[in-house]
Amino acid sequence: MVVPPVQGPRDRQQHARALKSALVIAERESKRERDGINITVHGAEPGLYVQFASPPGVELKVESLEDRRKGIELVAVQIVDRPGHPTVQLATVFVPEGRLKHFVTRFEQYANEKTKSGEPRHKDLVDRIAGLKRATLRALWTDSGEVWPESDEVIWWEVWLRRHDGKELERLLDFAEQVRLTVGERRLAFDDRIVVLVSGSAAQLSTSLDVLNDVAEVRRAKDTAALFVDAPPGEQADWVADLKRRTTSPSASAPAVCILDTGVTRGHPLLANVIAPRDAMAVDPTWGANDDGGGIGNMGHGTEMAGLATYGDLVAALVSRAPIALRHRIESVKILPPTGTNPPDLYGAITALAVARPEVNAPRRLRAFALAVTATDTRDRGQPTSWSAAVDALAAGRSFDTATQGLVYLDESKGAASRLLVVSAGNVDNLAVAHLDCSDLEAVHDPAQAWNALTVGAFTEKAVINDPAWDGWSPLARPGELSPWSTTSVLFLESWPIKPDVVFEGGNIAYDGSSIDFPVPDLCLLSTYYKPGEKLLVLSWATSAATAQIARMAAIVRADYPGLWPETVRALIVHAARWTPAMQVHFDAVSGRRARAKLARRYGYGVPSLERALRSANDAVTLVVQSSIRPFSKGKMNDMHIHELPWPRDVLRELGHASVQLRVTLSYFIEPNPGRRGWKKRHRYASHGLRFDLKSPTESIDEFRKRLNQRALDEDEERPSTGDSEGWFLGEQARSKGSIHSDVWTGTAADLAERGVVGVFPVSGWWKDQPKRDRSEQGARYSLVVSIETPEIQTDVWTPVAQLVGVPIIIET
């Protein structure tokens, strides 16, 4: 939205004097603190941090608070939100020594000079500043206030360093040695930030603001948790032997699901032929690649995921007795230690290292990565973290450079080799009878908010208990409803992506009228156990189980269509998703697109069908486009793509007022800019955005292009959209979040006959506002999937399409 004008102070000259006086006090305090500290860091840039505060209910003009040419840098933005009070925005800026005059001059011009229109100069900047002061370490805290430590409490911190001369780490290590901080071994480098783990107290770290001046943000480091499962041993060997006999192993060159977890037990009879010895790896080679439980609470999680990623729910495979031809393999990279737990670590760096292992081992193999290990807390609520930003960068094609520990493009001259990362949404921590309310109140766990990830939540069709041991108990969730385990993005700000993207079977829990319990074998999935000498099969449930199955779906799509990009595979899976009847009841009960958008943040785009995804990739009913666009040129909007759809217009006109549906999905990968600096202009998180729109019946192509141009400008200026949302289920505002957008238009066949053009156009991102870092010339890839559905029409609409485009057709009955 546009930042609204504000009512300035009554006496602007007095306001300017007060701000200048506050700057003098801040400078004096900073000098006094530096003089009182017996610490010298060689090469540290002298300066001070200043925190600006807005009036209540007003936003700062954050983009005007920095001037990179003078070294003045916006480093952190916070929102203070107290119940019953308007929000206050706080922005912290690093000002090099001698550069405070930049602000002094603006305050003086504000007080004494007028623009041609008669307004005070810099009015929009200074009116929005209620006050300022020397910043403390707390001013750089961009994490939840609830996890801020006591002054003397020793914790692991994520320290985000300003990247400007290449010697930031040297200075940090120098400083840490003098104040006795412990610096973690791993670090994660972005274009203008380096993230390092540091152990110590707030009191120790606070000194860095006076002598180091490289710190941009601080957050609390993440802990991780993984599910563990157990089930009583049984007589399982005959079932497993029969399934193995009926199974044809995949070829050595087949696509793979790469499991990033606790490792995999290759000796399991159902996995021995799908994962080769060299395809079992570990981030730390000393851990070994075998699944030895994965430390406290993990209990063979990686082997459990491998079974589901290979066969899906083993119950169906064991019961069917039909032959099974596997067309994908398994790879494994152990990212959790064999005993104990990982110390707080930069899981973005660990994930980047893990992704690199199989690519070195089998560089030409197609794969989908499955990450079902997430952080334990939900405090980020959609905001990017070092971990989720690393997932986004890896998906966009960056690789981990072991020399610099940065995420880089290994070959700048070539297009990025994008990756498909399938990530678990994470599980609800405190299950309750009102499970939908619990899910709505618990946000997806880091890094599931990653824009480029295919994030997977859980639903369930398991709603019958046959076991007499559970007499008196009933399934808690109705069939087709969200699984009680699934987290959501209902609490996210509307500007953050819809997560999960899709949901899949994750099991149910039991309820006896007063309490809940799990696991119940009838309500769980079945998978492979990591100690086959003890038992072969194990119960599985929750979002991890759903994630492994969606990764399996992605690998099968890649096996059938090896020419499809990761962006396209993600698009097909989302395009193939539908809300169940139980979910649709909730959508039918609300009115308005805002309410529908909230429900989409619970259910994602629904439950995908493998059959529908495979059919969409090679069906005349569906148009699949893989293309590349150059969003910007020299800081201005550049390309726009117009796609004419080969619909049989004559047939559609003849159908007249019959109802038809047009489903459109647009998928692309952005480059992240993760520093929390207000997410405006040059500090936007996404490098670029893409949008789609459908031509209206009365528009010419030229008029359509002009409207799309205006929409791009409106979004750049954060003005209300001029898009045509009539007939769309979610609408332009709700669907245009993140980097995958999907929606359904419903109207008459005659109307659709005149709408046979879809436009794809860019909207702003930090590439546009930072031309030196703009990679538009390399092209930004996207995938567009468009399909027509005519559920109430018996007419053969699709044969004319096949005649137009020359492809085989499948008629759905």
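Residues numbered from 1 in each chain as written. Predicted model: local features only at pLDDT ≥ 70, side-chain atom pairs only at ≥ 80, totals over all residues. Heavy atoms only, no water.

## As for the overall build of the protein chain
Phase 1: When its secondary structure is counted, the protein chain shows 23 helices and 38 strands.
Phase 2: Taken against the 2.2 N^0.38 rule, which gives 28 Å for 813 residues, the C-alpha radius of gyration of the protein chain at 28 Å falls within 12% of a compact globule.
Phase 3: In terms of principal-axis extent, the alpha carbons of the protein chain reach across some 85 × 65 × 60 Å.
Phase 4: A burial count over the protein chain gives 59% of its 813 residues as buried.
Phase 5: In the protein chain, 80% of the contacts between residues at least 6 apart in sequence involve partners at least 24 apart.
Phase 6: Accessible surface, the protein chain as shown: approximately 32000 Å² in total, 50% of it carbon and sulfur.
Phase 7: Treating the 97 positive side-chain charges of the protein chain as one cloud and the 104 negative ones as another, the clouds have centres 6 Å apart. (Helix = DSSP H or I, 4+ residues; strand = E, 2+ residues; numbered from the N terminus. Rg over C-alpha atoms; globule rule 2.2 N^0.38 Å. Buried < 20%, exposed > 50% of the residue type's maximum accessible area, 1.4 Å probe, protein only. Contact = heavy atoms within 4.5 Å. Areas by Shrake-Rupley, 256 points an atom, 1.4 Å probe, with all protein chains shown as cover. Lys, Arg positive; Asp, Glu negative; His and termini not counted. Charge placed at Lys NZ, Arg CZ, Asp CG, Glu CD.)

## Description of the nonpolar core
Phase 1: Counting 81 residues, the largest nonpolar core has Leu188, Leu260, Ile335, Leu407, Leu662 and Leu784 as the members making the most contacts within it.
Phase 2: For this core, the element with the most residues is helix H11 (residues 386-396), which contributes eight residues.
Phase 3: Once residues lying within four places of it in the same chain are set aside, the contact partners of Leu260 are Val333, Ile335, Thr351, Ala354, Val355, Phe369, Ala370, Leu371, Ala372 and Val373.
Phase 4: Formed by 80 residues, the second largest nonpolar core is a distinct cluster that contains Ala372, Leu525, Leu537 and Val607. (Core = buried A, V, L, I, M, F, W, Y, C linked by side-chain atoms within 4.5 Å.)

## Topic: the packing of aromatic side chains
Phase 1: Scanning the entire structure with this criterion turns up 21 aromatic pairs.
Phase 2: Relative to Phe518, the ring of Trp485 lies with its centre 4.7 Å away and its plane at 85 degrees, an arrangement referred to as edge-to-face. Within this pair, whereas Trp485 is found in the loop between strand E22 (481-482) and strand E23 (502-505), its partner Phe518 is found in the loop between strand E25 (516-517) and strand E26 (525-528), the two being separated by 33 residues in sequence.
Phase 3: Since its relative accessible area comes to 36%, Phe518 is described here as partly exposed. (Phe/Tyr/Trp six-rings, centres within 6.5 Å; stacked < 30°, edge-to-face > 60°.)

## Describing the pairing of strand E8 (residues 215-220)
The two faces of a sheet get side chains in turn, since along a regular strand they alternate between them.
Phase 1: In terms of residue burial, E8 counts as a mostly covered element, since five of its six residues are buried.
Phase 2: Sheet analysis places strand E5 (residues 155-162) next to E8, joined by five bridges and oriented antiparallel. From the neighbouring strand, Trp157 faces E8, where its bridge partner is Arg220. (Pairing = 2+ DSSP bridges.)

## Some words on the side chain of Ser399
Phase 1: Along the polypeptide, Ser399 turns up in strand E17 (residues 399-401).
Phase 2: A polar contact is formed between the side chain of Ser399 and the side chain of Arg419, at a distance of 2.8 Å. (Polar contact = N/O pair within 3.5 Å; in protein donor to acceptor, adjacent residues only side chain to side chain.)

## What to know about the sheet that holds strand E4 (residues 131-134)
Phase 1: Pairing within the open sheet is antiparallel, and its four strands lie in the order E2-E3-E1-E4. Each of the sheet's edge strands pairs with one partner strand only, and the pair in question is strand E2 (73-80) and E4. With direction set aside, neighbouring strand axes in the sheet form an average angle of 25 degrees.
Phase 2: Relative to strand E3 (residues 88-96), E2 is paired through seven bridges, and the arrangement is antiparallel. Within the sheet, the bridge partner assigned to Ile79 lies in E3 and is Gln89. (Axes fitted to C-alpha atoms, helices over the stretch in contact; angles between N-to-C directions.)

## Section: helix H13 (residues 542-560)
Phase 1: Taking 1.5 Å per residue, 19 residues should reach 27 Å; H13 reaches 28 Å between its end C-alpha atoms and fits that length.
Phase 2: Counting buried positions over the 19 residues of H13 gives 17, a clear majority of the element. (Expected span 1.5 Å × (residues − 1).)

## Side note on the sheet that holds strand E21 (residues 474-475)
Phase 1: The three strands are arranged E21-E24-E25 in an open sheet whose pairing can be described as antiparallel. For this open sheet the edge positions go to E21 and E25, each flanked by a neighbour on one side alone.
Phase 2: In this structure, strand E24 (residues 510-511) lies alongside E25, joined through two bridges in antiparallel fashion. Counterpart to Tyr511 in the pairing with E25 is Ile516.

## Notes on the environment of Gly563
Phase 1: If you trace the backbone, Gly563 turns up in the loop between H13 and helix H14 (566-575).
Phase 2: Classification of Gly563 as exposed rests on a relative accessible area of 55%.
Phase 3: Each C-alpha atom of the pair Gly563 and Tyr530 lies 35 Å from the other, and the pair is 33 residues apart in sequence.

## Some thoughts on the pattern of salt bridges
Phase 1: Counting across every chain of the model gives 52 salt bridges.
Phase 2: When the shortest N-O distance is used, the salt bridge between Glu73 and Arg68 registers 3.7 Å.
Phase 3: A relative accessible area of 35% means that Arg68 is categorised as partly exposed.
Phase 4: Among the ionic contacts, a cluster of salt bridges with common partners joins Glu45, Glu66, Arg68, Glu73, Arg162, Asp192 and Arg193. (Salt bridge = Lys/Arg side-chain N within 4 Å of Asp/Glu carboxyl O.)

## Remarks on the confidence of the model for the protein chain
Phase 1: When the pLDDT values of the protein chain are averaged, the result is 88; 91% of them are 70 or greater.
Phase 2: With pLDDT under 50 throughout, residues 224-232 is counted as low confidence; its partners more than four residues away or in other chains account for 39 contacts.
Phase 3: Counting interchain partners and residues more than four positions distant, the pLDDT-below-50 stretch residues 802-813 has 19 contacts. (pLDDT = per-residue confidence, 0-100.)

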